[in-house]
Amino acid sequence: MKTTIGRVDKADFPELSLLDIDLKVDSGAYTSSIHCANIEEVSINGENLIKFTLLDPEHSLYNNKEFITKKYTSKAVKSSNGISEIRFLIETEVFIFNQLFPIHLTLTERKDMKYPILLGRKFLNKKFIIDTAKKNISHKLKYKK
């Protein structure tokens, strides 16, 4: 049975040290994405890694923490304006509806966007049904006694 998710919610990304972060459900986006800065591919001891900081100093959850992972690939993503660009894609976990799910997130500069995280169809597919009249269903469930 699929879980109903609203148009916006909050979730935890434990590996990224993010709790109760705002997200927007975006059925128009194939891939999920997260706002970050200083995205850089680096080579350490001959191993390719991706380095980035999440969010930006204006965001309330910004912690200036630099993340480095080898669990990444790159992917061509067509943005809402129709322009295609190569983005890095990381693998992590999201805690939503009191469950931990694996998720792939593209790293992108979303400074001017209201929601730092978009959940796309690839993540939502076969797990969720979107009810655009509702919001924060998972977040309310998390704090319900």
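Residues numbered from 1 in each chain as written. Predicted model: local features only at pLDDT ≥ 70, side-chain atom pairs only at ≥ 80, totals over all residues. Heavy atoms only, no water.

Draft legend 1. The overall build of the protein, seen in detail. Broken down by element type, the protein carries two helices and eleven strands. If you list the helices and strands of the protein from N to C, you get β-β-β-β-β-β-β-β-β-β-α-β-α. Reported as C-alpha extents along the three principal axes, the dimensions of the protein are approximately 45 × 35 × 30 Å. The buried share of the protein, taken over its 145 residues, is 41%. (Helix = DSSP H or I, 4+ residues; strand = E, 2+ residues; numbered from the N terminus. Buried < 20%, exposed > 50% of the residue type's maximum accessible area, 1.4 Å probe, protein only.)

Draft legend 2. Empty space enclosed by the protein, seen in detail. Within this structure, the stated rule accounts for one cavity of 30 Å³ or more. Size it by volume and the largest cavity reaches roughly 30 Å³. Around the largest cavity sit Lys10, Ala11, Phe95, Ile96, Phe97, Asn98, Ser138, His139 and Lys142, which together line it. Contributing elements (two or more residues each) for the lining of the largest cavity: β2 (8-13), β8 (84-96) and α2 (137-142). Element by element, the count of residues in the lining of the largest cavity is highest for α2, at three residues. (1 Å grid on protein atoms, 1.4 Å probe; cavity = no way out; pocket = protein on both sides within 12 Å on 5 of 7 lines; lining within 4 Å. Points joined across faces, edges and corners; volume = space filled by probe spheres on them.)

Draft legend 3. Expanded view of the packing of aromatic side chains. With the rule as written, the count across this model stands at six aromatic pairs. For the ring pair phenylalanine 52 and phenylalanine 67, a centre distance of 5.8 Å and an interplane angle of 20° mean the geometry is stacked. Of this pair, phenylalanine 52 sits in strand β5 (residues 47-54) while phenylalanine 67 sits in strand β6 (residues 66-69), and the two are 15 residues apart along the sequence. Pair check on accessibility: phenylalanine 52 and phenylalanine 67 agree, each one buried. Between phenylalanine 123 and phenylalanine 128 the ring centres are 5.8 Å apart and the planes differ by 35°, which places this aromatic pair in the tilted class. Here phenylalanine 123 and phenylalanine 128 have matching classes, each one buried. Counting every residue linked through ring pairs, the aromatic cluster contains Phe97, Phe101, Phe123 and Phe128. The ring of phenylalanine 123 carries lysine 127 above its face, with NZ or CZ at 4.7 Å from the centroid. (Phe/Tyr/Trp six-rings, centres within 6.5 Å; stacked < 30°, edge-to-face > 60°. Lys NZ or Arg CZ within 6 Å of the ring centre and 35° of its normal.)

Draft legend 4. Structural view of the side chain of aspartate 9. Note on placement: aspartate 9 falls in strand β2. Look at aspartate 9: it is buried, it has no salt bridge, and the nearest opposite charge is lysine 10 at 8.0 Å. A distance of 3.2 Å separates the side chain of aspartate 9 from the backbone nitrogen of isoleucine 137, its partner in a polar contact. A polar contact of 3.0 Å, which involves the side chain of aspartate 9, links it to the backbone nitrogen of histidine 139. (Lys, Arg positive; Asp, Glu negative; His and termini not counted. Salt bridge = Lys/Arg side-chain N within 4 Å of Asp/Glu carboxyl O. Polar contact = N/O pair within 3.5 Å; in protein donor to acceptor, adjacent residues only side chain to side chain.)

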